[in-house]
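Letter by letter, the chains look like this.
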Amino acid sequence: MKDFSKKNILIILNANGVGGAEKVCWSLANEFSKKYQSNVTIVHPQSNMDYIDYLDRSVTVLNLNLKSLKTALPKIISIINKGNFDCLIANIWPITILGILASLISKKTLKVITVDHCLINEETRDMSIMKRFFSMLSIKIFYKFAHKNIAVSESISSEIHDIAKIKPEVIYNPIDYQVPTMNELSDPDYIFWKNLDSIKIISVGTLQEQKNHKLIIEISEILKNLKIEFSTCILGEGPERHNLEREIHHRGLTHNCYLFGFKKNPYPFMEASNIFLLCARNEGFGNVLIEAMHADLDIIAHDDSSGPSEALKKGEFGKLIDNLNPHSFVSEIKTIIDNKGPKNTNRQQYLKRFDTHEVTEAYIEAIS
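Residues numbered from 1 in each chain as written. Predicted model: local features only at pLDDT ≥ 70, side-chain atom pairs only at ≥ 80, totals over all residues. Heavy atoms only, no water.

Colleague: Report on empty space enclosed by the protein, specifying residues and quantitative values.
Modeller: Empty space among the atoms becomes visible once a probe the size of a water molecule is rolled across them. Under the criterion given, the structure shown has two cavities of 30 Å³ or more. If you add up the space inside the largest cavity, you get close to 50 Å³. Lining of the largest cavity is provided by Ile 11, Val 24, Cys 25, Leu 28, Phe 32, Ile 89, Asn 91, Val 115 and Tyr 363. For the lining of the largest cavity, the secondary structure elements donating two or more residues are α1 (20–36) and β4 (87–91). For the lining of the largest cavity, the element with the most residues is α1, which contributes four residues. Here the second largest cavity defines a volume of roughly 40 Å³. Forming the walls of the second largest cavity are Ser 203, Val 204, Gly 205, Lys 211, His 213, Leu 278, Cys 279 and Ala 280. Along the lines of polarity and charge, the residues of the lining of the second largest cavity split into four nonpolar, three polar and one charged. (1 Å grid on protein atoms, 1.4 Å probe; cavity = no way out; pocket = protein on both sides within 12 Å on 5 of 7 lines; lining within 4 Å. Points joined across faces, edges and corners; volume = space filled by probe spheres on them. Helix = DSSP H or I, 4+ residues; strand = E, 2+ residues; numbered from the N terminus. Nonpolar A, V, L, I, M, F, W, Y, C, P; charged D, E, K, R; others polar.)

Colleague: Describe in detail helix α9 (residues 213–225), supporting the description with residues and values.
Modeller: Its 13 residues give α9 an end-to-end C-alpha distance of 19 Å, which sits within 8% of 18 Å, the value for a rise of 1.5 Å per residue. Where the residues of α9 are buried, they touch β8 (199–204), β9 (230–235), α10 (241–250), β10 (257–261), β11 (275–278) and α14 (326–337). In the stretch just after α9, Lys 227 is the one whose phi turns positive, near 65 degrees. (Expected span 1.5 Å × (residues − 1). Contact = heavy atoms within 4.5 Å.)

Colleague: Which residues make up the environment of Pro 266, and what are the values?
Modeller: Along the polypeptide, Pro 266 turns up in the loop between β10 and α11 (267–271). Taking the C-alpha atoms as reference points, Pro 266 and Asn 63, 203 residues apart in sequence, are found 26 Å from one another. Once residues lying within four places of it in the same chain are set aside, the contact partners of Pro 266 are Val 204 and Leu 235.

Colleague: Could you give an account of the state of the cysteines, naming the residues involved and the relevant values?
Modeller: If you walk through the whole model with that rule in mind, you get zero disulfides. Summary of cysteine pairing: Cys 233 is not part of a disulfide, and the nearest cysteine sulfur, belonging to Cys 257, is at 8.6 Å. The cysteine Cys 279 is free of any disulfide, with Cys 257 supplying the nearest cysteine sulfur at 11 Å. (Disulfide = S-S within 2.5 Å.)

Colleague: Residue-level account of the sheet that holds strand β2 (residues 39–44), with values.
Modeller: In space, the seven strands of this open sheet follow the order β3-β2-β1-β4-β5-β6-β7, with parallel pairing throughout. The open sheet is flanked by β3 (60–63) and β7 (169–170), the only strands paired with a single partner. Judged from the five bridges that link them, strand β1 (residues 8–12) and β2 form a sheet pairing that is parallel. Its bridge partner lying in β2, Ile 11 is registered against Ile 42. Strands β1, β2 and β4 of the sheet are contacted by α1, whose axis makes an angle of about 160 degrees with β2. (Pairing = 2+ DSSP bridges. Axes fitted to C-alpha atoms, helices over the stretch in contact; angles between N-to-C directions.)

Colleague: I'd love a proper account of the layout of surface pockets, names of residues and values included.
Modeller: Considering only enclosed or pocket space, the second largest pocket measures out at about 540 Å³ in volume. Surrounding the second largest pocket, 17 residues form its lining, Leu 69, Lys 70, Trp 93, Pro 94 and Ser 135 being those nearest its centre. Counting residues per element, the ones that place at least two in the lining of the second largest pocket are α3 (95–105) and α5 (129–142). Class assignment of the residues belonging to the lining of the second largest pocket gives a composition of 11 nonpolar, four polar and two charged.

Keep in mind these values describe shape, not function.
Here it is in structure tokens:
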């Protein structure tokens, strides 16, 4: 591996809570800092959150707390000009475009790495035709100026290739397993969940419309009507919490379906569960499915023909459902409960590709 010690790295990420992309960036920042003694600066253009619990003390965090990304460009240019950075890692469109532009306009020479975590067509789906056109055009024009383009899944890489005729290198996101602390094991929510005497179904993800957690509540209602002894929990926070709470109450599921909020370490809850559900309408890759495999759970996921299918190797490591009909999910849950569909036990070899050290080395090779 090439020498990467004591590099100056600038990471730009428009953090929105604590999601998969955020955790990946922080994990890489910690590896760069601790293992390679690199000087890492993370810039969050529109965030004012405190992420001290997730980052090594040596990592510098700049929360710009801007109301709009339109005002971010001069700020990023100033940060580049004042620093002595070797490379800039820009995560998720349109931050990727922002990073490239800032580098081109600045007075410094540095390598720009774009990392796409999401499907662009899904990210721009609700835009006007004109805005969508210019969004695609920005990728087509500017991505070629990056030193390296990276995508976290084959489906995202293929989509960018279709748009810009550039094929990003695929580097899967790392899975950073965290051994539960005593405080985490003493969490009243965890103790309650662990001690439930029923089939335990879990989902993890930001409470937003795209994650489609309402479907999990519909599934829970059907299971209840079938007299199946079960409990469902969703870990995460977000703008849909109030709507989900209302659905749970309206369907009479307050003793079956639980919203435990965001948990820094979801693994204790996962390891105390039986089945993992992913009902998202679309996923760039679905790192949470890899986490569920690590916790040795049976997995049922909506197949949107992209991320989940790739993560589960076309159904080898979990059941893929090609529709969002709750009865389809219930049928698979019943199959698992009846022990007619045991999970694939050959997961460990597959999981090695998501090791934090392996992924960090892949990024170093890409940057060098």
